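Summary of the model geometry
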Amino acid sequence: EVQLVQSGAEVKKPGESLKISCKASGYSFTSYWIAWVRQMPGKGLEWMGIIYPGDSETRYSPSFQGQVTISADKSTSTAYLQWSGLKASDTAIYYCARHYYDSRGPCDFWGQGTLVTVSS
Amino acid sequence: QSVLTQPPSVSAAPGQKVTISCSGSSSNIGNNYVSWYQQLPGTAPKLLIYDNDKRPSGIPDRFSGSKSGTSATLGIIGLQTGDEADYYCGTWDSSLSGRWVFGGGTKLTVL
């Protein structure tokens, strides 16, 4: 059974750094692209970028380029999303999702989401 | 402002049928497959339709998808109160060096 299990909710102050995780199981982690998707409070879904764990190739949506870093650890089948200086506007739920068959494919499995709250 | 345009809300009575539209352009819907996602309140999105009109295992045939030109449509028949959710379309967009894009979402109310 394919599962993506994300790390727990975080409360941070502006300017702090953060790294959240998405642990995959039930399939070959290195063979599928993993995406990160943001959902701000009461808003829609925004695709942030993807990583191919097989070779760590990474692509970012222009809106998020330079704002976050996506990485992956093949040894633990875990993808990561990190910030070096959080802003209040980063408050959102972040989902990881697997792209089916290639980077343009649909997101067929989703993590449960990680709520990130940034507040002074 | 989303690249893909969906109506903010639709509503219908239990047992009835509803359609949700998703409008794009040649750089996205016109040349790529469309998928649809259901997000029940407080939960993660779930894939409902992929490759324009295919249903993943476990998705009832009450849900259907179609695409024509630069627009796509999600259809739901035999509406149930449990279908009340937000629905999103999504596809690859070839502009700006390529990225996945979602519609703004449509809130379905089953009256």
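We now turn to the structure provided with this report. Only a predicted model underlies this, so the values are computations on that prediction, with no experimental measurement involved.

Okay, the pattern of salt bridges next. Residues and elements named next belong to chain A. Using the criterion set out here, one finds four salt bridges over all chains in the structure. Close ionic contact of arginine 59 with glutamate 57 constitutes a salt bridge, the shortest N to O distance being 3.1 Å. For aspartate 108, the salt bridge is made with arginine 98, and the minimal N-O distance between the two is 2.6 Å. On the criterion of sequence distance, the pair formed by aspartate 108 in strand β10 (residues 107–110) and arginine 98 in strand β9 (residues 92–99) is long-range, its members being 10 residues apart. A residue is classified by how much of its surface remains accessible, and aspartate 108, at 16% relative accessible area, is buried. Looking at arginine 98, the relative accessible area reads 5%, which means it is buried.

Turning our eyes to something else, we now look at the side chain of B:Arg62. All names here are of chain B. Topologically, arginine 62 is positioned in the loop between β4 (46–49) and β5 (63–68). Given a relative accessible area of 15%, arginine 62 falls into the buried group. Within the local environment of arginine 62, its side chain forms a polar contact with the backbone oxygen of glycine 78, the two atoms lying 3.2 Å apart. The residues contacting arginine 62, other than those within four sequence positions of it, are Gly75, Ile76, Ile77, Gly78, Leu79, Gln80 and Asp83.

So, about the nonpolar core. Membership of the largest hydrophobic core comes to 25 residues, with the highest contact counts inside it found for A:Ile20, A:Ile34, A:Trp36, A:Leu81, A:Trp83 and A:Tyr94. Those elements giving two or more residues to this core turn out to be β3 (18–25), β4 (34–39), β5 (45–52), β8 (78–83), β9 and β11 (114–118) of chain A. The element contributing the most residues to this core is β3(A), with four residues. Excluding residues within four positions of it along the chain, A:Trp83 makes contact with A:Ser17, A:Leu18, A:Ile20, A:Gln67, A:Val68, A:Asp90 and A:Tyr94. Membership of the second largest hydrophobic core comes to 23 residues, among which are B:Val10, B:Val18, B:Ile20 and B:Phe63.

Before going further, it helps to examine the packing of aromatic side chains. For any pair of aromatic rings, geometry is given as the distance between the ring centres together with the angle between the planes. Residues and elements named next belong to chain B. Scanning the entire structure with this criterion turns up 11 aromatic pairs over all chains. Consider the rings of tyrosine 37 and phenylalanine 102, whose centres lie 5.8 Å apart with planes at 75 degrees: the pair is edge-to-face. Of the two residues, tyrosine 37 is situated in strand β3 (residues 34–39) and phenylalanine 102 in strand β8 (residues 99–102); the sequence distance between them amounts to 65 residues. For the pair shown, tyrosine 37 and phenylalanine 102 are each scored as buried.

What counts and how
Residues numbered from 1 in each chain as written. Chains lettered and ligands numbered in written order. Predicted model: local features only at pLDDT ≥ 70, side-chain atom pairs only at ≥ 80, totals over all residues. Heavy atoms only, no water. Salt bridge = Lys/Arg side-chain N within 4 Å of Asp/Glu carboxyl O. Helix = DSSP H or I, 4+ residues; strand = E, 2+ residues; numbered from the N terminus. Buried < 20%, exposed > 50% of the residue type's maximum accessible area, 1.4 Å probe, protein only. Polar contact = N/O pair within 3.5 Å; in protein donor to acceptor, adjacent residues only side chain to side chain. Contact = heavy atoms within 4.5 Å. Core = buried A, V, L, I, M, F, W, Y, C linked by side-chain atoms within 4.5 Å. Phe/Tyr/Trp six-rings, centres within 6.5 Å; stacked < 30°, edge-to-face > 60°.

Read these as geometric descriptors, not functional statements.
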